[in-house]
Amino acid sequence: MKNLGEMLQQQGPFSEIVLGNTALARAMIESGTEVITSYPGSPTPEIASALLSIPAGKRPFYFEFSTNEKVATEVACGASLNGHPSCVFFKSVGLNVAADSFVQLSLMELTGGLVAVLGDDPGANSSQNEQDNRHVARMAYIPVLEPSSPSEAYRYYLEAMALSRRMKMPVILRMTTHVCHGKEKVAFGAWEKKAPGTEPRFDSSAGPSVPLTSAALEMKRRALARLSLAGCEMDSPAFCEVRKGSDSFRGVITAGLPFRSLLDVLEDSEQSPDILKLGVVYPLPEKTIEEFLRSHKQVKILEELDDVMEKEIKALAFDRGMSVSIIGKSDEDDWIGEYTPDKVSEVMAKTWPDMIPLRGAKRQPSLAPRPPQMCPGCGHRSAFYAVRKALAKEDITVADIGCHTLGFLPPYKVGEVLLSMGHSTGTGAGLSLFNKTRKVVSFIGDSTLFHAGLPGIVNAVFNNHNLTLIVMENGTTAMTGHQDHPGAGRNANGPSEAIPIRGVLEGLGVKSIREVDAYSQAKLIELVKEANAEEGFSVVIARHPCMLKYTREQQRSPDYVRKSVEVDQEKCDRLHVCVESFGCPSFQRDEDGTVTVSPELCIGDGSCIQTCPVKAIGLRKESRGGEQA
């Protein structure tokens, strides 16, 4: 069987069961996309994993993880202005970071074409909100295609790139979590490997590309004209599918995952409405929608998150004098969560209970939910355990985005405010103003620091804010799958110069910097207390490699010896510090209070040994291959 990289490079047509994200990677190759940029964030990282499965020297494209989404957008834009078909992809809230440049894309003459793949996250599976980026598309005058399956993701990307190159305008491909991670057998086409042209093709006379004064208004006029023309092109059967049901008086207009879920729900129903499934959600295909509305007495708008299509379709019906009854969201529950089959069943049962009865009582989980937690051996756990001891009860702590965000949960309860990536220093600075009695301590990871943390640090130095920043450095972008960042010493294309965090901080003018291994808990406690005793801005770097990544790399070695710790039951007095305060999931407490260690979870890092007040934890003797001696 071919590996993923070989499959993606196959030049003839073939079919394979793949993730939606993998289907997109193949579509990028087939479409001749030459420059691809990204910042990692769920639900899109598997696109990068697929692309990087092709060795650097064999890739028919250039790929990079940029320092953040704004830079990724700008690199893709620059490449497109120079004539190269380009793509940028990132997660839902990443668009907030990219927005300053992203909203300008429609004003540019993108001669190479540019497709933006947005990974929206209904249900907030891995995000701090359920942001609906269809709103941003309207603000930016960029058309949006929304696939409902991996096959459509593949086909729509090809269509999006063709449209973008033809009209020299950006196109958004809006993916959602279930479509990114769903699997389906996809029929792929052929492609011919071509080296990207090396002749610079940027021509300022093709613009203008500087949206200032009167030029900005003319560029907006051009963007609106392109948007209208693109809408006319996409108001076609290629993007609009009508499925006939048993009840011709009632119809549903939907798109994306809700369409697939509706088909699932209707399998249990004796009746079914007609369905208009839209593949383009902005601009809406008005001709097709009008025909559907005029042929039905009642039409339900079934969409995840906000009532975006609902409002536009109701306005369309009003403007054209249609008497059809249009049913949108009925209560606040309809605005929240993923439209999985169970959810769609509830929504549709409220609309037409005679047609689509509820599937029955809501299923109750048979097991208690598993709380999110840091991995065994995580340096962040050791750091939070120590920092908690160093802080006064009244101190204010500010979290940031990353694995270390989980420090907010018990037993550490560190990090009481969270907004966005890189916010912690700025928010902490605000909390320090007019504050003479409660020390403010902010946290940030190394990847997040490079992504968006530097401006807040500059501001803290510039304005001499009184707070302590603890940099949780683990050498990778761990939460999204161990992607490299500027301090890692390599990038997506090979080794690179590592940018040292201490050097960056010194260059920004930070005078008070302390460094310690996160496993050295006593030293970390001491340094945090010292930093908090100072006036002004102080930084403590708590450094330890991501142990999940490190252990996986060690396990590839034939000399790897598995380790774990064990509890000496004769010494243990059941104070349960290891379980209740340190909180490593490797420790298990039985009903009688006995504490044991799960050898399947424990990695033998030993960071827990120093936490036991009676020295009952020690390394278990192991033999090569992980068997107990």
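For every chain, the first residue of its written sequence is number 1, and the numbers climb from 1 along that sequence. Confidence filtering applies because this is a predicted model: local features only for residues at pLDDT of at least 70, side-chain atom pairs given and counted only at 80 or more, and all residues used for totals across whole chains, interfaces and linings. Side-chain metrics in this entry use all non-hydrogen atoms of the structure; hydrogen atoms and water are not considered.

### Considering the packing of aromatic side chains
Each pair of aromatic rings taken from Phe, Tyr and Trp, with Trp reduced to its six-membered ring, is defined by centres within 6.5 Å and is described as stacked if the planes are under 30 degrees apart, edge-to-face if over 60, and tilted in the remaining cases. Evaluated as defined, the whole model comprises eight aromatic pairs. Pairing Tyr154 with Phe188 gives two aromatic rings, centres 5.0 Å apart and planes at 90°, and the pair type is edge-to-face. Here Phe188 lies in strand 8 (residues 183-188) and Tyr154 lies in helix 7 (residues 150-167), a separation of 34 residues in the sequence. Each member of the pair, Tyr154 together with Phe188, is buried. Taking the centre distance of 5.3 Å and the plane angle of 55° together, the rings of Phe384 and Phe443 count as tilted. With Phe384 in helix 14 (residues 379-390) and Phe443 in strand 16 (residues 440-445), the pair connects residues that are 59 residues apart, well separated along the chain. Accessibility here uses a 1.4 Å probe with only protein chains present; expressed as a share of the type maximum, an area under 20% marks a residue as buried, one over 50% as exposed, and anything in between as partly exposed. Residue Phe443 is classed as buried on the basis of its relative accessible area, which comes to 1%. Among the aromatic residues, those joined into a cluster by ring pairs are Phe14, Tyr154 and Phe188. A run of H or I in DSSP becomes a helix once it reaches four residues, and a run of E becomes a strand once it reaches two; helices and strands are each numbered from the N terminus.

### Some thoughts on the confidence of the model for the protein chain
Parts of the prediction with low pLDDT should not have their coordinates interpreted in detail. The score called pLDDT rates the predictor's confidence residue by residue, from a low of 0 to a high of 100. Averaged over every residue, the pLDDT of the protein chain is 93; residues scoring 70 or more account for 97%. Contacts: residue pairs with any heavy atoms within 4.5 Å of one another. Long-range and interchain partners of residues 623-629, a stretch whose pLDDT sits below 50, account for 15 contacts in this model, where long-range means more than four residues apart.

### Regarding the sheet that holds strand 17 (residues 467-473)
In any sheet, the strands associate via hydrogen bonds between backbone groups, in a parallel or an antiparallel arrangement. In this description, strands pair whenever DSSP reports at least two bridges between them. Taking strand neighbours across the sheet as the criterion, the five strands line up as 15-16-17-21-20 in an open arrangement whose pairing is parallel. The outermost strands of the open sheet, each flanked by one partner alone, are strand 15 (396-398) and strand 20 (512-517). Between one strand axis and the next, the sheet turns by 20° as a mean value, whatever way the strands run. Here strand 20 pairs with strand 21 (residues 537-543) via six bridges, running parallel. The convention used is that axes are lines fitted to C-alpha atoms, helices contributing only their stretch in contact, and that angles between N-to-C directions extend from 0 to 180 degrees.

### Quick notes on the environment of Ser149
The topology assignment puts Ser149 in the loop between strand 6 (144-145) and helix 7. Residues Ser149 and Leu173, spaced 24 residues apart in sequence, show a C-alpha to C-alpha distance of 12 Å. Discounting chain neighbours no more than four positions away, the residues touching Ser149 are Val179, Glu184 and Arg260.

### Looking at the environment of Lys244
With respect to the helices and strands, Lys244 occurs in the loop between strand 9 (240-243) and strand 10 (247-255). Residue classification places Lys244 among the exposed residues on the basis of a relative accessible area of 70%. Linking Lys244 and Arg155, residues 89 residues apart in sequence, is a C-alpha distance of 23 Å.

### A short note on the state of the cysteines
Disulfides are defined as cysteine sulfur pairs within 2.5 Å. Counting across every chain of the model gives zero disulfides. The closest cysteine sulfur to the non-disulfide-bonded Cys572 is located on Cys578, 6.6 Å from its own sulfur.

### Details of the packing of helix 10 (residues 256-266) against helix 13 (residues 341-351)
For the pair helix 10 and helix 13, interaxial distance at closest approach is 8 Å and the crossing angle is 75°. Between helix 10 and helix 13, the interaxial angle falls into the category roughly perpendicular. Seen from helix 10, the contacting residues are Pro258, Ser261, Leu262, Asp264 and Val265; seen from helix 13, they are Pro341, Val344, Ser345 and Met348. Residues belonging to the contact of helix 10 with helix 13 are distributed by class as follows: six nonpolar, two polar and one charged. An angle below 35 degrees is read as roughly parallel, one above 145 as roughly antiparallel, one from 65 to 115 as roughly perpendicular, and any other as oblique. Throughout, the ten residues Ala, Val, Leu, Ile, Met, Phe, Trp, Tyr, Cys and Pro are labelled nonpolar, Asp, Glu, Lys and Arg are labelled charged, and all others, Gly among them, are labelled polar.

### Details of the pairing of strand 2 (residues 35-38)
Along any regular strand the residues' side chains alternate between the sheet's two faces. Burial along strand 2 is two-sided: Val35 and Thr37 and Ile36 and Ser38, pointing in opposite directions, are all buried. As for the winding sense of the linkage, the β-α-β connection from strand 2 through helix 3 (residues 45-52) to strand 3 (residues 62-65) is right-handed. When the strands point away from the viewer, a crossover counts as right-handed if the path from the first strand over the helix to the second runs clockwise.

### Considering helix 2 (residues 20-30)
With respect to burial, helix 2 is a largely interior element, eleven of its eleven residues being buried. Every buried residue of helix 2 is accounted for by Gly20, Asn21, Thr22, Ala23, Leu24, Ala25, Arg26, Ala27, Met28, Ile29 and Glu30. Within two residues after helix 2, Gly32 carries a phi angle of roughly 80°, on the positive side.

### Details of the pattern of salt bridges
Where charged atoms from two side chains of opposite charge come close, those side chains can pair. Think of a salt bridge as a Lys or Arg side-chain nitrogen and an Asp or Glu carboxyl oxygen that are within 4 Å of each other. Overall, the coordinates contain 37 salt bridges when judged by the stated rule. A salt bridge links Arg221 to Glu218, with the shortest nitrogen-to-oxygen separation between them at 3.6 Å. Taken together, the residues Arg221 and Glu218, both in helix 9 (residues 213-234) and three residues apart, mark about one turn of the helix. With relative accessibility at 55%, the residue Arg221 sits in the exposed group. With a shortest N-O distance of 2.7 Å, Arg543 and Glu515 are connected by a salt bridge. Of the two residues, Arg543 is situated in strand 21 and Glu515 in strand 20; the sequence distance between them amounts to 28 residues. By relative accessible area, which is 30% here, Arg543 ends up partly exposed. Under the relative-accessibility criterion, Glu515 is labelled partly exposed at 33%. Salt bridges linked by common partners bring Asp120, Asp132, Arg134, Glu146, Arg174 and Glu303 together as one network.

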